[in-house]
Amino acid sequence: MVEIELDGKAVEVPQGSMVMHAANKIGTYIPHFCYHKKLSIAANCRMCLVEVEKAPKPLPACATPVTQGMKVFTHSAKAVEAQRSVMEFLLINHPLDCPICDQGGECQLQDLAVGYGKSNSRYDEEKRVVFHKNVGPLISMQEMSRCIHCTRCVRFGQEVAGVMELGMINRGEHSEITTFVGQTVDSELSGNMIDICPVGALTSKPFRYAARTWELARKRSVSPHDSLGANTTVQTKANKVMRVVALENEAINECWISDRDRFSYEGLNSAERVTTPMVKQGGQWLETDWESALDYVARSIKSISAESGPDAIAALAHPISSTEELHLLQKIIRGLGSSQIETRLRQTDVAGAPKAPWLGLPVSKLSELDRALIIGSFLRKDQPVLAARIRTATKRGLLVSRIDAGGDDWLIPAVESISAAPSAWLNVLSEVALAVAKAKSSSVPAGTFNLPVSAAAQAIADSLISGATTAVLLGSAAQAHPHSTDLTVLAQFIAEQTGATLGFLPVGGNAVGASLVNANGAGVQSVLSGDRRAVLLMNLDPLADLPNPIQTRAALANANTVIALTAYKSTDILEAADVILPITTFTETVATYINAEGRAQTIQPAVKPLGDSRPAWKVLRVLGGLLELDGFLLNTPEEILDEALSETYCNLLSNQAQVSHLSNGNLAPLNGLERVADVNIYAVDQIVRRAGALQSTHDAKRGNQVGLNQFLFNSLGLTEGDLVSIEQEGKTVIMPATLEAALAPNAVRISAGTSFSSQLGPMFGPVTVTKV
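- The name an unreviewed UniProt entry assigns to the protein chain is NADH-quinone oxidoreductase, from the organism Polynucleobacter sphagniphilus.
- Checking UniProt for the protein chain, the heading Sequence similarities (unreviewed entry) contains the comment "Belongs to the complex I 75 kDa subunit family."

Next up, the structure:
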């Protein structure tokens, strides 16, 4: 530790710290633009100049290391004069357009100009003008004349997002921030550049000119679109969500959120919002009142239960649903005597799955790992902010290994990567387990075949064994895999033998909460077996959110009654459902979400329910009463939550597989091509799929393309964008092809949750590809 004197106050900071860190420690504010606590030091704005005793001239606080006994003066005449001079230079070319600037009212330059600027300018020459750039549907760079070249956006891309999409060209007053020629900004974290820009150069394109910051009301919220539970601030005007920005929480999302978290609010105001109960009569949809609709639903469920038995009643709910809603839904289904309820919508193998899988460690501890094996994950797109934390950890020494189908660049260096078609994942992981077992002189799980261990599998085993703080993580594709239980058993064995933490990357904002309130039962395959006569669907689009659209269509067509509790009326809901009960989105009700690390976060409504829609917990509470079930005299969401979760709910979290042996053993890889399905980053739930700006991005368009490896691309004689015919289980769809050179041999990536994939079969299995 080093002790310095700052404005007469003694402060101790670690050796190697900068003066700015010492000032932050004691709450002394030093004006700055380019400095950001999460980014490297650039020292190019010079706004933080301070006086240091015995130094011949003012020094930048952000780039001046502390030394023992140093005396610093941040508000002396010399320091203030230097800061005022810098401000004068910054304003020389800055346009005087505060009244029309979207940053007005929350602009760092505006604030500091009040304190350090002059009332008039001595600069009489023409100001420079920088031509605007079009960098995509999310970020506006229309007024780049405002840029002060702090380079925060450039450093964010390189250091946090992992890809350099913006850079600086030219020199002096001709400098400007721009993209590579003809390129757009496509990072899934790009919206954070808007937050960290200290002026109005980078602004939100969807929010542009929609409202002034001082007109907006604010509510703390969380993002339900992935299991991280990133903290956000929802900003509203006239009962409409206008903008979502990051809310700092160092333990979860630091100060970042993904573009999915930031811009999905557009889906809240979609034209497809349904606001009145509807019942299908003679193939026609008729609007009705809540009393009639709920009475119809209750009578249908009672009749079907009496005629066909309790297990004829089933429910499927998207894990974007709140803990309160899921608790009441499972209470209805189980109260009727059925076990047919499921929120693990894409997980088909649930026989031996853990009862309450979670990350296995606090999110913040990911930064402290020195070894990690990630199995079957589309990490960068599934968990963008969590991937950024792991990316940062690799710079501190974390060694990441991965086993998957390849094709997607995580922008994270992997010390060892095995790309294999999904049917070979079990064998690959068996090889790693065998290598670990040999090193530890232990026995592999029963049913594991004695396979030859490849050099890559040996390297992964050696990496895990050599680590001090290690994790083995199973991603979304591993959980959706037809043999996910066997993958879990092997991952559990590897973790136990190497002293690693076994964890899951849960799929959905409240996947952990759903497990804790017992909202998972016989599995989605059982619900969609065709034996269910009444099916409740909550917060989902059937063909986009379930694993096999062919099976889904048949099962829902076979049911007597399909009841949709939904905020949206999509085409497949209108075709499949018999009753639509309009419920609110998460911004319109009290909702509790339990994130990947088991942290419960409760949010309050930011706006009132739209039209005649109602919070799902209220609808389910009334329905439970109409069905004459016990325990539905609950008046507030707080009462429901108290009943759903005990104070020791975290003790129920478990990554332990319910079996200890392999049921499939040495699987023979499929002959020919096989499908591997990611869930497109902008197709994960009803809200995101209806966010217009997100659906115009490069990532959204990628979901409507079939990914082919280099060999297949060449053998079919394709060029980028050529049409190919995909056949699966007798169904055919024509899609444009895109080259994914690193994709495993024989693997074909076809995203789930899109209009193309809704015409095909399961997420894994054989496919054929031919050029059109």
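**Describing the pattern of salt bridges**
Close approach of charged atoms allows side chains of opposite charge to pair.
Then step 1. This structure, assessed with the given rule, holds 35 salt bridges.
Then step 2. For Glu 88, the salt bridge is made with Lys 118, and the minimal N-O distance between the two is 3.7 Å. In this pair, Glu 88 is assigned in helix H2 (residues 77-92) and Lys 118 in the loop between helix H3 (108-116) and strand E6 (133-134), connecting sequence segments 30 residues apart.
Then step 3. The residue Glu 272 makes a salt bridge to Arg 690 at a minimum N-O spacing of 2.8 Å. Note that Glu 272 is positioned in the loop between helix H6 (259-263) and strand E14 (278-281) and Arg 690 in the loop between strand E28 (674-676) and helix H22 (698-702), a separation of 418 residues in sequence.
Then step 4. One salt-bridge network, held together by shared partners, links Glu 272, Arg 346, Asp 541, Asp 545, Arg 689 and Arg 690.

**What about the side chain of Thr 584?**
Then step 1. Note that Thr 584 resides in the loop between strand E25 (579-582) and strand E26 (591-594).
Then step 2. Thr 584 gets classed as buried once you look at its relative accessible area, which sits at 3%.
Then step 3. Once residues within four sequence positions are removed from consideration, Thr 584 is found in contact with Arg 273, Thr 589, Pro 609, Ser 613, Arg 614, Pro 615 and Ala 616.

**Topic: the UniProt feature "domain: 4Fe-4S His(Cys)3-ligated-type" (unreviewed entry) in the protein chain**
Then step 1. Residues given the UniProt feature "domain: 4Fe-4S His(Cys)3-ligated-type" (unreviewed entry) here are residues 78-117.
Then step 2. In this annotation, residues 78-117 is assigned 60% helix and 0% strand; the end-to-end C-alpha distance for the span is 16 Å.

**A closer look at empty space enclosed by the protein**
Then step 1. Within the structure shown, the criterion is met by eight cavities of 30 Å³ or more.
Then step 2. Around the largest cavity sit 37 residues that line it, and Pro 319, Ser 476, Pro 506, Val 507 and Gly 508 are the ones nearest its centre.
Then step 3. Secondary structure elements with two or more residues in the lining of the largest cavity: helix H9 (379-382), helix H13 (476-480) and helix H15 (511-516).
Then step 4. Among the elements that make up the lining of the largest cavity, the one with the highest residue count is H13 (four residues).
Then step 5. Its residues assigned to classes, the lining of the largest cavity comprises 18 nonpolar, ten polar and nine charged.
Then step 6. Approximately 130 Å³ is the volume attributed to the second largest cavity.
Then step 7. In this structure, the second largest cavity is lined by 15 residues; those nearest its centre are Ile 320, Asn 539, Thr 584, Thr 585 and Phe 586.
Then step 8. Partitioned by chemical class, the residues of the lining of the second largest cavity number seven nonpolar, seven polar and one charged.

**Details of the packing of aromatic side chains**
Then step 1. The tally for this structure, following the rule as stated, stands at two aromatic pairs.
Then step 2. Where Trp 425 meets Phe 764, the ring centres are 6.4 Å apart and the plane angle is 75°; that geometry is what we call edge-to-face. In this pair, Trp 425 sits in helix H11 (residues 425-440) while Phe 764 sits in the loop between strand E32 (747-749) and strand E33 (765-766), placing the two residues 339 residues apart along the sequence.
Then step 3. Given a relative accessible area of 10%, Phe 764 falls into the buried group.
Then step 4. If you follow Arg 273 out to its NZ or CZ, it ends over the ring of Tyr 568, 5.9 Å from the centre.
Then step 5. The ring of Trp 410 has Arg 402 sitting right over it, with the charged end atom 3.8 Å from the ring centre.

**Looking at the packing of H11 against helix H14 (residues 484-498)**
Then step 1. The interhelical angle for the contact between H11 and H14, taken along N-to-C directions, is 25°, at an axis separation of 10 Å. With respect to H14, the axis of H11 lies roughly parallel. The hand of the H11/H14 crossing is left-handed. Between H11, through Trp 425, Leu 426, Leu 429, Ser 430, Val 432, Ala 433, Val 436, Ala 437 and Lys 440, and H14, the contact on the second element is made entirely by Asp 486, Leu 487, Leu 490, Ala 491, Phe 493, Ile 494, Gln 497 and Thr 498.

**Description of a nonpolar patch on the surface**
Then step 1. On the surface, a nonpolar cluster with roughly 280 Å² of combined accessible area is contributed by Leu 723, Ile 734 and Val 772.
Then step 2. Structurally, the position occupied by Ile 734 is in strand E31 (residues 731-739).

**Thoughts on the packing of helix H7 (residues 290-308) against helix H20 (residues 616-626)**
Then step 1. Across the interface, H7 lies against H20 with an axial gap of 10 Å and an inter-helix angle of 50°. Relative to H20, H7 is oriented oblique. Crossing hand, H7 versus H20: right-handed. Here Trp 290, Leu 294, Asp 295, Val 297, Ala 298 and Lys 302 of H7 lie close against H20, whose contacting residues are Val 619, Val 622, Leu 623 and Leu 626.
Then step 2. Across the contact of H7 with H20, the residue classes break down as eight nonpolar, no polar and two charged.

**Topic: the environment of Thr 28**
Then step 1. Relative to the helices and strands, Thr 28 is located in the loop between helix H1 (19-25) and strand E3 (49-52).
Then step 2. When its relative accessible area of 11% is taken as the criterion, Thr 28 is described as buried.
Then step 3. Note: C-alpha distance between Thr 28 and Leu 6 (22 residues apart in sequence) is 8.8 Å.
Then step 4. Residue contacts for Thr 28: discarding those within four places in its chain leaves Leu 6, Asp 7, Ala 23, Thr 74 and His 75.

**Comments concerning the sheet that holds strand E10 (residues 203-204)**
Then step 1. As summarised here, the arrangement of the three strands in space is E6-E7-E10, forming an open sheet in which the pairing is antiparallel. Pairing within the sheet leaves two strands with one partner each, and these edge strands are E6 and E10.

**A closer look at the nonpolar core**
In globular proteins that are soluble, nonpolar side chains generally tend to be buried together.
Then step 1. Among the nonpolar cores identified, the biggest contains 124 residues, and Phe 33, Met 47, Ile 139, Phe 156, Leu 379, Val 472 and Ile 494 are the most heavily contacted of them.
Then step 2. If you tally residues by element for this core, the top one is H11, at nine residues.
Then step 3. Ignoring any residue separated from it by four or fewer positions in sequence, one finds Val 472 in contact with Leu 373, Ile 375, Leu 464, Ala 491, Ile 494, Ala 495, Ala 500, Thr 501, Leu 502 and Gly 503.
Then step 4. Formed by 50 residues, the second largest nonpolar core is a distinct cluster that contains Ala 356, Leu 623, Leu 629 and Leu 653.

**With respect to the side chain of Ser 221**
Then step 1. For Ser 221, the position within the fold is in strand E11 (residues 217-222).
Then step 2. The buried category is assigned to Ser 221, whose relative accessible area is 3%.
Then step 3. Residue contacts for Ser 221: discarding those within four places in its chain leaves Ala 230, Asn 231, Thr 232, Val 234, Phe 586 and Ile 603.

**Digging into the environment of Ser 223**
Then step 1. Tracing the sequence through the fold places Ser 223 in the loop between E11 and strand E12 (231-237).
Then step 2. Accessibility expressed as a relative area gives 4% for Ser 223, which makes it buried.
Then step 3. Placed 370 residues apart in sequence, Ser 223 and Tyr 593 show a C-alpha to C-alpha distance of 9.1 Å.
Then step 4. The contacts of Ser 223, once residues within four sequence positions are left out, are Gly 229, Ala 230, Thr 232 and Asp 261.
Then step 5. In terms of polar contacts, Ser 223 uses its side chain to reach the backbone amide nitrogen of His 225, at 3.4 Å.

Conventions adopted
- Residues numbered from 1 in each chain as written.
- Predicted model: local features only at pLDDT ≥ 70, side-chain atom pairs only at ≥ 80, totals over all residues.
- Heavy atoms only, no water.
- UniProt positions renumbered as here; feature names shortened; annotations may be inferred.
- Salt bridge = Lys/Arg side-chain N within 4 Å of Asp/Glu carboxyl O.
- Helix = DSSP H or I, 4+ residues; strand = E, 2+ residues; numbered from the N terminus.
- Buried < 20%, exposed > 50% of the residue type's maximum accessible area, 1.4 Å probe, protein only.
- Contact = heavy atoms within 4.5 Å.
- 1 Å grid on protein atoms, 1.4 Å probe; cavity = no way out; pocket = protein on both sides within 12 Å on 5 of 7 lines; lining within 4 Å.
- Points joined across faces, edges and corners; volume = space filled by probe spheres on them.
- Nonpolar A, V, L, I, M, F, W, Y, C, P; charged D, E, K, R; others polar.
- Phe/Tyr/Trp six-rings, centres within 6.5 Å; stacked < 30°, edge-to-face > 60°.
- Lys NZ or Arg CZ within 6 Å of the ring centre and 35° of its normal.
- Axes fitted to C-alpha atoms, helices over the stretch in contact; angles between N-to-C directions.
- Parallel < 35°, antiparallel > 145°, perpendicular 65-115°, else oblique.
- Left-handed = near helix turned anticlockwise from the far one by under 90°.
- Patch = residues over 30% accessible without salt bridge, like charges linked within 9 Å, V, L, I, M, F, W, Y side chains within 5 Å.
- Areas by Shrake-Rupley, 256 points an atom, 1.4 Å probe, with all protein chains shown as cover.
- Pairing = 2+ DSSP bridges.
- Core = buried A, V, L, I, M, F, W, Y, C linked by side-chain atoms within 4.5 Å.
- Polar contact = N/O pair within 3.5 Å; in protein donor to acceptor, adjacent residues only side chain to side chain.

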